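Remarks on the overall topology
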Amino acid sequence: MEDNKKVVFSGIQPSGSPTIGNYIGAIRNYVALQEEYECFYSVVDMHAITVRQNPAELRQATRNLIALLIACGLDPDKSTLYVQSHVPAHAELCWILNCFTYMGELSRMIQFKEKSKGNENSVVVGLLDYPVLQVADILLYQTDLVPIGADQKQHLEITRDVAIRFNNAFSPTFKVPEILIPEVGARIMSINDPTKKMSKSSDDPNSYILILDKPEDIKRKIKRAVTDSDNEIYFDEENKPGVSNLITIYSVMTGKTIDESVKDLSALGGYGAFKENVADAVIAALEPVQKRYNDLISDKGYIDSVMYNNAMKASYVANKTLSKVKRKVGFADLPRPKA
Ligand code: AQP
(Lines give C-alpha, C1' and ligand atoms only; values in the text may rest on other atoms or scores of the structure.)
Protein backbone atom coordinates (compact mmCIF):
# COMPACT_ATOMS: atom_id res chain seq x y z
CA MET A 1 0.00 0.00 0.00
CA GLU A 2 1.34 3.43 -0.91
CA ASP A 3 1.75 5.38 2.34
CA ASN A 4 1.06 8.82 0.92
CA LYS A 5 -2.29 8.07 -0.70
CA LYS A 6 -5.57 8.39 1.18
CA VAL A 7 -7.70 5.27 1.33
CA VAL A 8 -11.14 4.74 -0.21
CA PHE A 9 -13.40 1.78 0.59
CA SER A 10 -16.84 0.94 -0.77
CA GLY A 11 -18.93 -2.20 -1.14
CA ILE A 12 -21.62 -3.33 -3.53
CA GLN A 13 -23.89 -6.34 -3.07
CA PRO A 14 -24.25 -9.08 -5.70
CA SER A 15 -27.94 -9.15 -4.81
CA GLY A 16 -28.97 -8.84 -8.45
CA SER A 17 -27.60 -7.14 -11.52
CA PRO A 18 -26.68 -3.49 -10.77
CA THR A 19 -29.04 -0.70 -11.77
CA ILE A 20 -28.24 2.72 -13.16
CA GLY A 21 -28.97 3.87 -9.57
CA ASN A 22 -25.94 1.89 -8.38
CA TYR A 23 -23.95 3.26 -11.31
CA ILE A 24 -24.91 6.91 -10.80
CA GLY A 25 -24.85 6.90 -6.98
CA ALA A 26 -21.72 4.82 -6.49
CA ILE A 27 -19.86 3.03 -9.32
CA ARG A 28 -18.99 6.09 -11.43
CA ASN A 29 -17.43 7.65 -8.31
CA TYR A 30 -15.42 4.49 -7.65
CA VAL A 31 -13.89 4.96 -11.08
CA ALA A 32 -13.27 8.69 -10.61
CA LEU A 33 -11.43 8.12 -7.32
CA GLN A 34 -9.07 5.36 -8.37
CA GLU A 35 -6.34 7.61 -9.81
CA GLU A 36 -5.90 9.73 -6.72
CA TYR A 37 -6.63 7.29 -3.89
CA GLU A 38 -5.67 3.81 -2.73
CA CYS A 39 -9.03 2.14 -3.39
CA PHE A 40 -10.59 -1.04 -2.00
CA TYR A 41 -13.84 -2.06 -3.68
CA SER A 42 -15.59 -5.14 -2.38
CA VAL A 43 -18.32 -7.30 -3.85
CA VAL A 44 -20.07 -7.88 -0.55
CA ASP A 45 -21.58 -11.35 -0.84
CA MET A 46 -21.77 -11.71 2.95
CA HIS A 47 -24.14 -8.73 3.02
CA ALA A 48 -26.20 -10.24 0.19
CA ILE A 49 -27.14 -13.35 2.20
CA THR A 50 -29.01 -11.23 4.75
CA VAL A 51 -31.93 -11.89 2.41
CA ARG A 52 -32.42 -15.40 0.99
CA GLN A 53 -30.39 -15.98 -2.20
CA ASN A 54 -30.29 -18.85 -4.67
CA PRO A 55 -26.71 -20.21 -4.12
CA ALA A 56 -25.91 -20.87 -7.80
CA GLU A 57 -27.25 -17.44 -8.78
CA LEU A 58 -25.31 -15.69 -6.02
CA ARG A 59 -22.06 -17.38 -7.07
CA GLN A 60 -22.62 -16.31 -10.67
CA ALA A 61 -23.78 -12.80 -9.73
CA THR A 62 -20.57 -12.32 -7.73
CA ARG A 63 -18.36 -13.11 -10.73
CA ASN A 64 -20.59 -11.06 -13.03
CA LEU A 65 -20.30 -8.07 -10.73
CA ILE A 66 -16.50 -8.24 -10.73
CA ALA A 67 -16.61 -8.24 -14.56
CA LEU A 68 -19.16 -5.42 -14.64
CA LEU A 69 -17.16 -3.18 -12.32
CA ILE A 70 -14.13 -3.63 -14.57
CA ALA A 71 -16.32 -2.91 -17.60
CA CYS A 72 -17.48 0.32 -15.91
CA GLY A 73 -13.85 1.46 -15.72
CA LEU A 74 -12.32 -0.02 -12.56
CA ASP A 75 -8.75 -1.12 -13.17
CA PRO A 76 -8.01 -4.14 -10.95
CA ASP A 77 -4.29 -3.34 -11.08
CA LYS A 78 -4.98 0.10 -9.58
CA SER A 79 -7.96 -0.64 -7.33
CA THR A 80 -8.18 -3.67 -5.06
CA LEU A 81 -11.37 -5.23 -6.39
CA TYR A 82 -12.20 -8.35 -4.39
CA VAL A 83 -14.94 -10.57 -2.96
CA GLN A 84 -15.74 -9.98 0.70
CA SER A 85 -16.07 -13.65 1.72
CA HIS A 86 -12.53 -14.30 0.41
CA VAL A 87 -11.17 -12.14 3.24
CA PRO A 88 -12.20 -13.76 6.55
CA ALA A 89 -10.99 -10.71 8.51
CA HIS A 90 -14.34 -9.04 7.68
CA ALA A 91 -16.30 -11.63 9.67
CA GLU A 92 -13.79 -11.69 12.51
CA LEU A 93 -13.76 -7.92 12.98
CA CYS A 94 -17.55 -7.85 12.69
CA TRP A 95 -17.80 -10.18 15.71
CA ILE A 96 -15.49 -8.02 17.82
CA LEU A 97 -17.33 -4.83 16.83
CA ASN A 98 -20.68 -6.45 17.66
CA CYS A 99 -19.44 -6.14 21.22
CA PHE A 100 -19.01 -2.38 20.77
CA THR A 101 -22.35 -1.60 19.05
CA TYR A 102 -25.63 -0.95 20.83
CA MET A 103 -28.96 -2.66 20.05
CA GLY A 104 -30.62 0.77 20.10
CA GLU A 105 -28.32 1.99 17.32
CA LEU A 106 -29.08 -0.99 15.09
CA SER A 107 -32.82 -1.14 15.61
CA ARG A 108 -33.12 2.53 14.58
CA MET A 109 -31.65 1.87 11.10
CA ILE A 110 -34.12 2.76 8.33
CA GLN A 111 -32.98 -0.09 6.04
CA PHE A 112 -33.55 -2.62 8.85
CA LYS A 113 -37.00 -1.18 9.61
CA GLU A 114 -37.98 -1.26 5.93
CA LYS A 115 -36.67 -4.75 5.20
CA SER A 116 -38.12 -6.28 8.41
CA LYS A 117 -41.55 -4.61 8.17
CA GLY A 118 -44.35 -7.14 8.61
CA ASN A 119 -42.14 -10.03 9.79
CA GLU A 120 -40.56 -8.63 12.94
CA ASN A 121 -40.44 -12.04 14.69
CA SER A 122 -38.87 -13.99 11.85
CA VAL A 123 -36.41 -11.39 10.57
CA VAL A 124 -32.88 -12.83 10.53
CA VAL A 125 -30.26 -11.49 12.95
CA GLY A 126 -27.95 -10.80 9.98
CA LEU A 127 -30.27 -8.09 8.74
CA LEU A 128 -30.05 -6.28 12.08
CA ASP A 129 -26.29 -6.83 12.17
CA TYR A 130 -25.72 -5.69 8.55
CA PRO A 131 -24.41 -2.23 9.56
CA VAL A 132 -21.79 -3.77 11.91
CA LEU A 133 -20.39 -5.89 9.09
CA GLN A 134 -20.29 -2.69 7.06
CA VAL A 135 -18.43 -0.95 9.90
CA ALA A 136 -15.89 -3.79 9.89
CA ASP A 137 -15.54 -3.63 6.08
CA ILE A 138 -14.63 0.04 6.21
CA LEU A 139 -12.47 0.14 9.35
CA LEU A 140 -10.29 -2.83 8.31
CA TYR A 141 -8.66 -0.74 5.58
CA GLN A 142 -8.04 2.42 7.68
CA THR A 143 -10.37 4.17 5.26
CA ASP A 144 -10.38 7.95 4.81
CA LEU A 145 -13.31 8.23 2.40
CA VAL A 146 -16.40 6.13 1.61
CA PRO A 147 -18.22 6.93 -1.68
CA ILE A 148 -21.89 5.89 -1.35
CA GLY A 149 -25.43 6.76 -2.39
CA ALA A 150 -27.64 8.68 0.04
CA ASP A 151 -29.40 5.48 1.26
CA GLN A 152 -26.23 4.36 3.05
CA LYS A 153 -25.66 7.61 5.00
CA GLN A 154 -27.10 6.32 8.28
CA HIS A 155 -24.86 3.22 8.15
CA LEU A 156 -21.82 5.42 7.69
CA GLU A 157 -22.73 7.50 10.70
CA ILE A 158 -22.67 4.32 12.82
CA THR A 159 -19.24 3.51 11.38
CA ARG A 160 -17.86 6.78 12.66
CA ASP A 161 -19.52 6.33 16.08
CA VAL A 162 -18.16 2.80 16.56
CA ALA A 163 -14.66 3.80 15.43
CA ILE A 164 -14.59 6.69 17.90
CA ARG A 165 -16.01 4.48 20.69
CA PHE A 166 -13.37 1.80 20.12
CA ASN A 167 -10.55 4.34 19.88
CA ASN A 168 -11.67 5.95 23.13
CA ALA A 169 -11.98 2.60 24.92
CA PHE A 170 -8.39 1.64 24.03
CA SER A 171 -6.15 3.95 22.03
CA PRO A 172 -6.28 5.24 18.43
CA THR A 173 -6.80 2.11 16.33
CA PHE A 174 -9.13 3.04 13.49
CA LYS A 175 -9.22 6.00 11.12
CA VAL A 176 -12.59 7.74 11.43
CA PRO A 177 -13.81 7.86 7.81
CA GLU A 178 -15.56 10.66 5.94
CA ILE A 179 -18.61 10.07 3.73
CA LEU A 180 -18.68 11.07 0.05
CA ILE A 181 -22.19 11.43 -1.39
CA PRO A 182 -22.48 12.78 -4.96
CA GLU A 183 -24.13 16.18 -5.39
CA VAL A 184 -26.15 14.92 -8.35
CA GLY A 185 -27.70 11.44 -8.43
CA ALA A 186 -27.26 10.41 -4.79
CA ARG A 187 -30.71 8.85 -4.86
CA ILE A 188 -32.05 7.67 -8.21
CA MET A 189 -35.72 6.87 -7.90
CA SER A 190 -37.76 3.97 -9.24
CA ILE A 191 -38.87 4.51 -12.83
CA ASN A 192 -42.47 3.54 -12.19
CA ASP A 193 -42.77 4.95 -8.67
CA PRO A 194 -40.59 8.02 -8.20
CA THR A 195 -41.36 8.15 -4.47
CA LYS A 196 -39.25 4.99 -3.96
CA LYS A 197 -35.52 4.38 -4.42
CA MET A 198 -34.49 2.36 -7.48
CA SER A 199 -33.29 -1.04 -6.17
CA LYS A 200 -31.73 -4.00 -7.98
CA SER A 201 -33.57 -6.54 -5.81
CA SER A 202 -37.03 -5.13 -6.53
CA ASP A 203 -39.59 -7.73 -7.68
CA ASP A 204 -40.73 -5.42 -10.48
CA PRO A 205 -38.29 -5.20 -13.45
CA ASN A 206 -40.15 -2.10 -14.71
CA SER A 207 -39.05 -0.20 -11.59
CA TYR A 208 -35.35 -0.24 -12.52
CA ILE A 209 -32.99 0.06 -15.45
CA LEU A 210 -30.07 -2.33 -15.30
CA ILE A 211 -26.63 -1.37 -16.56
CA LEU A 212 -26.91 -4.46 -18.76
CA ASP A 213 -30.48 -3.90 -19.99
CA LYS A 214 -30.93 -4.18 -23.77
CA PRO A 215 -31.53 -0.87 -25.63
CA GLU A 216 -35.12 -1.88 -26.48
CA ASP A 217 -35.86 -2.59 -22.80
CA ILE A 218 -34.35 0.74 -21.75
CA LYS A 219 -36.53 2.51 -24.36
CA ARG A 220 -39.68 0.67 -23.26
CA LYS A 221 -39.11 1.26 -19.53
CA ILE A 222 -38.36 4.97 -19.92
CA LYS A 223 -41.33 5.42 -22.26
CA ARG A 224 -43.55 4.03 -19.49
CA ALA A 225 -41.80 6.02 -16.72
CA VAL A 226 -44.23 7.64 -14.29
CA THR A 227 -44.10 11.45 -14.52
CA ASP A 228 -47.06 13.82 -13.99
CA SER A 229 -49.78 15.44 -16.02
CA ASP A 230 -48.63 19.06 -16.49
CA ASN A 231 -46.37 18.28 -19.49
CA GLU A 232 -43.73 20.83 -18.43
CA ILE A 233 -40.06 19.98 -18.16
CA TYR A 234 -38.25 21.57 -15.23
CA PHE A 235 -36.31 20.35 -12.20
CA ASP A 236 -38.27 20.22 -8.92
CA GLU A 237 -37.64 17.05 -6.93
CA GLU A 238 -40.43 17.71 -4.46
CA ASN A 239 -43.27 18.50 -6.83
CA LYS A 240 -42.07 16.76 -10.00
CA PRO A 241 -40.14 13.71 -8.74
CA GLY A 242 -40.58 11.60 -11.90
CA VAL A 243 -39.48 14.33 -14.34
CA SER A 244 -36.63 15.42 -12.04
CA ASN A 245 -35.41 11.82 -11.76
CA LEU A 246 -35.24 11.54 -15.56
CA ILE A 247 -33.44 14.90 -15.82
CA THR A 248 -30.87 13.70 -13.24
CA ILE A 249 -30.33 10.47 -15.18
CA TYR A 250 -29.88 12.43 -18.43
CA SER A 251 -27.49 14.87 -16.76
CA VAL A 252 -25.17 12.14 -15.43
CA MET A 253 -25.30 10.07 -18.61
CA THR A 254 -24.39 13.04 -20.83
CA GLY A 255 -21.98 14.72 -18.41
CA LYS A 256 -24.04 17.93 -18.54
CA THR A 257 -25.14 19.99 -15.53
CA ILE A 258 -28.76 19.92 -14.40
CA ASP A 259 -29.29 23.44 -15.83
CA GLU A 260 -27.81 22.49 -19.21
CA SER A 261 -29.92 19.33 -19.23
CA VAL A 262 -33.15 21.22 -18.48
CA LYS A 263 -32.30 23.64 -21.29
CA ASP A 264 -31.78 20.74 -23.75
CA LEU A 265 -34.81 18.79 -22.68
CA SER A 266 -37.37 21.57 -22.20
CA ALA A 267 -36.73 22.73 -25.77
CA LEU A 268 -38.18 19.44 -27.00
CA GLY A 269 -41.79 20.24 -26.14
CA GLY A 270 -43.72 17.32 -24.68
CA TYR A 271 -42.94 14.32 -22.50
CA GLY A 272 -42.76 11.91 -25.47
CA ALA A 273 -39.66 13.49 -27.04
CA PHE A 274 -38.25 14.19 -23.56
CA LYS A 275 -38.36 10.51 -22.62
CA GLU A 276 -36.94 9.45 -25.97
CA ASN A 277 -33.93 11.73 -25.48
CA VAL A 278 -33.34 10.47 -21.96
CA ALA A 279 -33.49 6.87 -23.22
CA ASP A 280 -31.05 7.63 -26.07
CA ALA A 281 -28.59 9.20 -23.60
CA VAL A 282 -28.76 6.16 -21.30
CA ILE A 283 -28.32 3.72 -24.19
CA ALA A 284 -25.34 5.66 -25.60
CA ALA A 285 -23.60 5.86 -22.22
CA LEU A 286 -24.11 2.17 -21.44
CA GLU A 287 -23.17 0.79 -24.86
CA PRO A 288 -19.37 0.73 -24.33
CA VAL A 289 -19.80 -0.70 -20.83
CA GLN A 290 -22.01 -3.51 -22.15
CA LYS A 291 -19.55 -4.28 -24.92
CA ARG A 292 -16.59 -4.49 -22.53
CA TYR A 293 -18.66 -6.64 -20.17
CA ASN A 294 -19.50 -9.14 -22.91
CA ASP A 295 -15.81 -9.49 -23.75
CA LEU A 296 -14.75 -9.87 -20.12
CA ILE A 297 -17.35 -12.30 -18.90
CA SER A 298 -16.23 -14.97 -21.34
CA ASP A 299 -12.62 -14.68 -20.08
CA LYS A 300 -12.88 -16.96 -17.04
CA GLY A 301 -9.12 -17.11 -16.45
CA TYR A 302 -8.85 -13.32 -16.22
CA ILE A 303 -11.72 -12.96 -13.75
CA ASP A 304 -10.24 -15.82 -11.66
CA SER A 305 -6.87 -14.09 -11.50
CA VAL A 306 -8.42 -10.74 -10.52
CA MET A 307 -10.39 -12.45 -7.75
CA TYR A 308 -7.36 -14.34 -6.42
CA ASN A 309 -4.73 -11.59 -6.59
CA ASN A 310 -6.94 -8.92 -5.12
CA ALA A 311 -8.20 -11.15 -2.29
CA MET A 312 -4.54 -11.65 -1.31
CA LYS A 313 -3.85 -7.90 -1.44
CA ALA A 314 -6.95 -7.08 0.60
CA SER A 315 -6.21 -9.83 3.16
CA TYR A 316 -2.73 -8.50 3.77
CA VAL A 317 -4.00 -5.01 4.63
CA ALA A 318 -7.07 -6.23 6.55
CA ASN A 319 -5.07 -8.66 8.68
CA LYS A 320 -2.75 -5.90 9.84
CA THR A 321 -5.70 -4.00 11.35
CA LEU A 322 -7.30 -7.17 12.69
CA SER A 323 -4.11 -8.21 14.54
CA LYS A 324 -3.94 -4.78 16.20
CA VAL A 325 -7.59 -5.03 17.25
CA LYS A 326 -7.18 -8.52 18.70
CA ARG A 327 -4.28 -7.35 20.85
CA LYS A 328 -6.18 -4.29 22.05
CA VAL A 329 -9.22 -6.28 23.18
CA GLY A 330 -7.00 -8.78 25.00
CA PHE A 331 -7.01 -11.89 22.83
CA ALA A 332 -3.95 -14.04 23.67
CA ASP A 333 -1.32 -14.51 20.97
CA LEU A 334 -1.14 -17.97 19.50
CA PRO A 335 2.06 -19.37 21.06
CA ARG A 336 4.51 -20.90 18.61
CA PRO A 337 5.45 -24.47 19.56
CA LYS A 338 9.11 -24.79 20.65
CA ALA A 339 11.23 -26.54 18.03
N1 AQP B 1 -31.19 4.27 -6.27
C2 AQP B 1 -29.94 4.58 -5.95
N3 AQP B 1 -29.46 5.81 -6.23
C4 AQP B 1 -28.17 6.13 -5.92
N5 AQP B 1 -27.31 5.27 -5.33
C6 AQP B 1 -27.75 4.04 -5.05
N7 AQP B 1 -27.16 2.96 -4.49
C8 AQP B 1 -28.06 1.95 -4.42
N9 AQP B 1 -29.24 2.33 -4.95
C10 AQP B 1 -29.08 3.62 -5.35
C11 AQP B 1 -25.78 2.92 -4.05
O12 AQP B 1 -25.16 1.81 -4.70
C13 AQP B 1 -24.14 1.29 -3.83
C14 AQP B 1 -24.24 -0.21 -3.77
O15 AQP B 1 -25.46 -0.56 -3.16
P16 AQP B 1 -25.61 -1.97 -2.48
O17 AQP B 1 -25.53 -3.02 -3.51
O18 AQP B 1 -24.60 -2.12 -1.40
O19 AQP B 1 -26.99 -2.02 -1.76
P20 AQP B 1 -28.20 -1.03 -1.71
O21 AQP B 1 -27.78 0.32 -1.29
O22 AQP B 1 -29.25 -1.69 -0.86
O23 AQP B 1 -28.62 -1.02 -3.26
P24 AQP B 1 -29.86 -1.71 -3.95
O25 AQP B 1 -29.68 -1.61 -5.42
O26 AQP B 1 -31.12 -1.13 -3.37
O27 AQP B 1 -29.67 -3.22 -3.51
P28 AQP B 1 -30.76 -4.18 -2.86
O29 AQP B 1 -31.96 -4.08 -3.75
O30 AQP B 1 -30.13 -5.55 -2.86
O31 AQP B 1 -31.02 -3.70 -1.46
C32 AQP B 1 -24.32 1.96 -2.46
O33 AQP B 1 -23.33 2.95 -2.29
C34 AQP B 1 -25.67 2.59 -2.56
O35 AQP B 1 -25.77 3.76 -1.77
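Cut-offs applied
Residues numbered from 1 in each chain as written. Predicted model: local features only at pLDDT ≥ 70, side-chain atom pairs only at ≥ 80, totals over all residues. Heavy atoms only, no water. 1 Å grid on protein atoms, 1.4 Å probe; cavity = no way out; pocket = protein on both sides within 12 Å on 5 of 7 lines; lining within 4 Å. Points joined across faces, edges and corners; volume = space filled by probe spheres on them. Helix = DSSP H or I, 4+ residues; strand = E, 2+ residues; numbered from the N terminus. Nonpolar A, V, L, I, M, F, W, Y, C, P; charged D, E, K, R; others polar. Core = buried A, V, L, I, M, F, W, Y, C linked by side-chain atoms within 4.5 Å. Buried < 20%, exposed > 50% of the residue type's maximum accessible area, 1.4 Å probe, protein only. Domains from an automatic or database assignment. Contact = heavy atoms within 4.5 Å. Near = heavy atom within 4 Å. Polar contact = N/O pair within 3.5 Å; in protein donor to acceptor, adjacent residues only side chain to side chain. Areas by Shrake-Rupley, 256 points an atom, 1.4 Å probe, with all protein chains shown as cover. Sits in = over half its atoms within 2 Å of the grid points.

Let's shift gears to empty space enclosed by the protein. Within the structure shown, the criterion is met by one cavity of 30 Å³ or more. Within this model, the largest cavity holds a volume of roughly 50 Å³. Residue lining of the largest cavity: M109, Q111, F112, K115, L127, Y130, P131 and H155, and that is the complete set. Elements with a contribution of two residues or more to the lining of the largest cavity: α6 (110–116) and α7 (125–139). A breakdown of the residues in the lining of the largest cavity according to their chemical character gives five nonpolar, two polar and one charged.

In this structure, I66, L69, I249, M253, F274 and V278 are the most contacted members of the largest nonpolar core, which totals 60 residues. Looking at this core, the element that brings in the most residues is helix α12 (residues 271–297), giving 11 residues. Domain assignment of the residues forming this core places at least three in each of domain 1 (7–185 + 300–329) and domain 2 (205–294). For M253, the contacting residues outside a window of four places in its chain are I20, Y23, I24, A281, V282, A285 and L286. Listed in part, the 38 residues of the second largest apolar core include L93, M109, L127 and L133.

Let us now look at the layout of surface pockets. Roughly 1200 Å³ of internal volume is contained in the largest pocket. For the lining of the largest pocket, the elements supplying multiple residues, two or more each, are β1 (7–12), α1 (20–33), α6, α7, β4 (145–147) and α8 (153–169). Class assignment of the residues belonging to the lining of the largest pocket gives a composition of 18 nonpolar, 21 polar and nine charged.

This part takes up the site of the ligand. Not every one of the 23 residues close to the ligand is listed here, only the nearest: S15, D151, S199, K200 and S201. Residue N22 places a side-chain N or O atom 3.2 Å away from an oxygen atom belonging to the ligand. Between the ligand and S199 there is a distance of 2.6 Å, counted from an oxygen atom to a side-chain nitrogen or oxygen. Bound to the protein, the ligand loses 97% of the 640 Å² it would expose on its own. Assessed atom by atom at 2 Å from the grid points, the ligand resides in the largest pocket. Broken down by secondary-structure element, the contributors of at least two residues to the shell around the ligand are β1, α1 and α6. Considering every element that reaches the shell around the ligand, the biggest residue donor is α1, with four residues.

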